[in-house]
Amino acid sequence: MAGNYDPSFAKEVFDNVDSGEEIKMCMQCGICAGSCPLRHEMDYPPRQIFTLIRAGRRDEVMNSKAIKLCTSCYRCKVRCPRGIPVIDVMHGLAHYGIKKGIIPRKGTAAFGGEFWKMIYNIGRIDEKTLPLKYNLLEGLVPGIKSTIEMAPMGIQMFLHHRMKLLPERKIKGIKELRKMLDKAKEMGKGGAN
Amino acid sequence: MKYFLYGGCSLEAGGKNYMVSLEPVCKALGMEFEEIEDWNCCGASISYAGANELSIMTLNARNIAIAESTGGYDIVAPCSSCYIQLVKTNHELKEDAELRNKINVILKEGNLNFKGSLNVRHLMDVLYNDGGIDKIKSTAVRPLKGLKVAGYVGCQTVRPYGEYDSVERPKVHDLLLKAIGADPVPFPKKMQCCGSGIFLTELDRCLGLVKEILDDAIANGAQLISTVCPMCALNLEMYQDKVNAKFGTNFNMPVVYLTQLMAVAFGMDLKKEAALDYCVIPPEGIIKAAIGG
Ligand code: SF4
Ligand code: SF4
């Protein structure tokens, strides 16, 4: 990816990405990058992502695996001397990319997508069926293979009373919850899509 | 003292041993819990893939608003992932009037309103500050003498606000372990993230994180790991086989909840209340040796 220079990219991030405007305060000290547990796995650690945004490097940023590799540990947010919620910017960028159909880490995007769908549908997460749904997204054959690979764990959980047998039911206020979530989607930064 | 308990989705399933043990332990310390009526999922750490910030905040604002409309007690979250979501929403909405107005427009769809009258607290905060070390000590009629425990704190348990413990050098978990007679070992990786919400989808990367934590616990002489979060417990316990397969290691380290150890120390039933048989890697032998049973 040659990474074309796109001078409007920084503004696009400030205006449309959740918490995107926060990076204006970044002084490039690198503390966030040094604190991140998966920094060795990231192509660009957080500090560099912010440099690239300001340099208009749209392709590098949106295709970076770093923004999808955040474990949500909050270490960056705790340590940033400028009080920037680095984690929120990383999540915002990941969400923005997924909305735009740029999905370099398919697994996490798919899992998170199913997770959210389940919340929207029933208001809670059913720990039994979520991994199954996620595995099946890979397609039926690889999905069944992954499910079988994970089965010993499920059986152990079951034997040790750690599986809820009844399917999770919808919360009573699901209709209202969905109305609220529709509204939140619309009112969020960048609008409904 | 009365509280709202927000157990979340995990404590009804994978984290059941946390729920089973925390209830009698907190009762013994004089705490009483009420469930938040018709609560919804907090969104955990991964919802950002499917939703914007405001939507995730809505989930938590709804739970807080229901609690506010049905009672005036603090909300206690035993799961660190739920805790962080609730406390963050509560914090930001209390501080930012504009955001609060926005959220209240949204909540109106369900006839709810966020006032900002409650606190959200981690179970560990409540055990330490409301239960109190003295009361815990005097309730621990069966102290876990000499049991070497690695007190794992994890990341979201005290971050980012550090409301009840240091975000860089937390000590509350170790103090609670000491109060029940156990011997917390030095554990530099006690705050290293276990992989949390992206574990399943980034297995290869996260197995390395778990290995480092287990290595550190063992190098410091721990016999078992104590946790205060169902995500941490799951990742540290259930993936040891996969870590062993990947790295050629031999881990078989029991992982329990702090409240399970407290139940044991409080003289409660090892199964019915301490729920030790819920653990997949059995901790009974080590624990019985410590209590001389
Ligand atoms: S919250 Fe995310 S970006 Fe920040 S240090 Fe943790 S993993 Fe890295
Ligand atoms: S720690 Fe804060 S100021 Fe320093 S590079 Fe990271 S975001 Fe910028």
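Computed from a predicted model, the values in this text were never measured in an experiment.

Thresholds, definitions, all that
Residues numbered from 1 in each chain as written. Chains lettered and ligands numbered in written order. Predicted model: local features only at pLDDT ≥ 70, side-chain atom pairs only at ≥ 80, totals over all residues. Heavy atoms only, no water. Axes fitted to C-alpha atoms, helices over the stretch in contact; angles between N-to-C directions. Helix = DSSP H or I, 4+ residues; strand = E, 2+ residues; numbered from the N terminus. Parallel < 35°, antiparallel > 145°, perpendicular 65-115°, else oblique. Contact = heavy atoms within 4.5 Å. Nonpolar A, V, L, I, M, F, W, Y, C, P; charged D, E, K, R; others polar. Pairing = 2+ DSSP bridges. Buried area = accessible area lost by both parts, 1.4 Å probe. Salt bridge = Lys/Arg side-chain N within 4 Å of Asp/Glu carboxyl O. Domains from an automatic or database assignment. UniProt positions renumbered as here; feature names shortened; annotations may be inferred. Expected span 1.5 Å × (residues − 1). Buried < 20%, exposed > 50% of the residue type's maximum accessible area, 1.4 Å probe, protein only. Core = buried A, V, L, I, M, F, W, Y, C linked by side-chain atoms within 4.5 Å. Near = heavy atom within 4 Å.

1. Topic: the packing of helix H2 (residues 53-70) of chain B against helix H4 (residues 97-107) of chain B
Residue and element names in this part refer to chain B.
Here's step 1: At their nearest, the axes of H2 and H4 sit 10 Å apart, and the two run at 75° to each other. In terms of their interaxial angle, H2 and H4 are classed as roughly perpendicular. Across the interface between the two elements, Leu54, Met57, Thr58, Ala61, Arg62 and Ala65 from H2 touch Leu99, Lys102, Ile103, Ile106 and Leu107 from H4.
Here's step 2: For the contact of H2 with H4, the class distribution of residues is 8 nonpolar, 1 polar and 2 charged.

2. What about the sheet that holds strand E7 (residues 224-227) of chain B?
Strand-to-strand pairing in sheets goes through backbone hydrogen bonds, with the strands running parallel or antiparallel.
Residue and element names in this part refer to chain B.
Here's step 1: Spatially, the 4 strands line up as an open sheet ordered E6-E5-E7-E8, and their pairing is parallel. Each edge of the open sheet carries a strand with a single partner, namely strand E6 (183-184) and strand E8 (255-257).
Here's step 2: Where strand E5 (residues 148-151) meets E6, 2 bridges bridge the pair, whose relative direction is parallel. Its bridge partner being in E6, Val149 is matched across the sheet by Pro184.
Here's step 3: Here helix H7 (residues 172-179) sits on the sheet in contact with E5, E6 and E7, set at roughly 155° to E5.

3. Some details on the interface of chain A and chain B
Here's step 1: Contact residues are listed per partner, giving 61 residues for chain A and 65 residues for chain B.
Here's step 2: Buried surface at the junction of chain A and chain B, both sides included, amounts to about 5,800 Å², of which 62% is carbon and sulfur.
Here's step 3: Contact with chain B buries surface across chain A, with A:Trp116, A:Arg162 and A:Met180 losing the most and accounting together for 13% of the total.
Here's step 4: Viewed at the interface, chain B and chain A are joined by 4 salt bridges.
Here's step 5: Residue B:Glu109 pairs with A:Lys183 through a salt bridge whose shortest N-O separation is 3.7 Å.

4. Things to note about the domain arrangement of chain B
Many analyses report the size of an interface as the accessible area lost when the parts associate.
Residues and elements named next belong to chain B.
Here's step 1: Examined at the domain level, chain B breaks down into domain 1 (2-123) and domain 2 (134-291).
Here's step 2: For domain 1 versus domain 2, the distance between C-alpha centres works out to 24 Å.
Here's step 3: Between domain 1 and domain 2, the residue contacts involve 30 residues of the former and 30 residues of the latter.
Here's step 4: With both sides pooled, the region where domain 1 packs onto domain 2 buries about 2,400 Å², and carbon together with sulfur makes up 68% of that total.
Here's step 5: Taken together, the connections running from domain 1 to domain 2 amount to 0 salt bridges.

5. Concerning the UniProt feature "domain: Cysteine-rich" (unreviewed entry) in chain B
Here's step 1: UniProt records the feature "domain: Cysteine-rich" (unreviewed entry) at residues 6-86 and 149-236 of chain B, using the numbering of this structure.
Here's step 2: Between the C-alpha atoms that bound residues 6-86 of chain B the distance is 9 Å, and the span itself is 47% helix and 9% strand.

6. Observations regarding helix H6 (residues 86-99) of chain A
Residues and elements named next belong to chain A.
Here's step 1: With 14 residues, H6 extends 20 Å from end C-alpha to end C-alpha; this agrees with the ideal 20 Å at 1.5 Å per step.
Here's step 2: Burial within H6 is extensive, with 13 of its 14 residues counted as buried.
Here's step 3: Where H6 ends, the next residue or the one after it, Gly101, has phi of about 80°, a positive value.

7. Remarks on the nonpolar core
Here's step 1: Counting 158 residues, the largest nonpolar core has A:Ile53, B:Ile75, B:Leu144 and B:Leu261 as the members making the most contacts within it.
Here's step 2: Once you skip the residues sitting within four places of it in the chain, B:Leu144 turns out to touch B:Ile180, B:Gly181, B:Ala182, B:Leu261, B:Val264, B:Ala265, B:Ile287, B:Ala290 and B:Ile291.

8. Concerning the side chain of B:Ser10
Here's step 1: Examined against the element boundaries, B:Ser10 turns out to sit in the loop between strand E1 (2-5) and helix H1 (16-28).
Here's step 2: Given the relative accessible area of 13%, B:Ser10 is considered buried.
Here's step 3: If sequence neighbours within four positions are ignored, B:Ser10 has contacts with A:Glu127, B:Gly15, B:Lys16 and B:Pro230.

9. What to know about the site of ligand 2
Residues and elements named next belong to chain A.
Here's step 1: Inspection of the region around ligand 2 gives 13 residues, with Cys26, Cys29, Gly30, Cys32 and Cys80 positioned closest.
Here's step 2: Of all elements in the fold, only helix H2 (31-35) and helix H3 (46-54) reach the threshold of two or more residues within the shell around ligand 2.
Here's step 3: Per-class residue counts for the shell around ligand 2 are 10 nonpolar, 2 polar and 1 charged.

10. Looking at the domain arrangement of chain A
Residue and element names in this part refer to chain A.
Here's step 1: Partitioning chain A into structural domains gives domain 1 (8-99) and domain 2 (106-192).
Here's step 2: Buried area between domain 1 and domain 2, both sides added, is near 480 Å², and the carbon and sulfur share of it is 45%.
Here's step 3: For the interface between domain 1 and domain 2, the tally reads 1 salt bridge.
Here's step 4: Across the salt bridge formed by Glu21 and Lys189, the nearest N and O atoms sit 2.5 Å from each other.
Here's step 5: Elements with a minimum of two residues in the side of domain 1 that touches domain 2: helix H1 (9-16) and H6.
Here's step 6: Ranked by residue count, the leading element in the side of domain 1 that touches domain 2 is H1, at 4 residues.
Here's step 7: Here the residues of the side of domain 1 that touches domain 2 are counted per class, giving 4 nonpolar, 3 polar and 5 charged.

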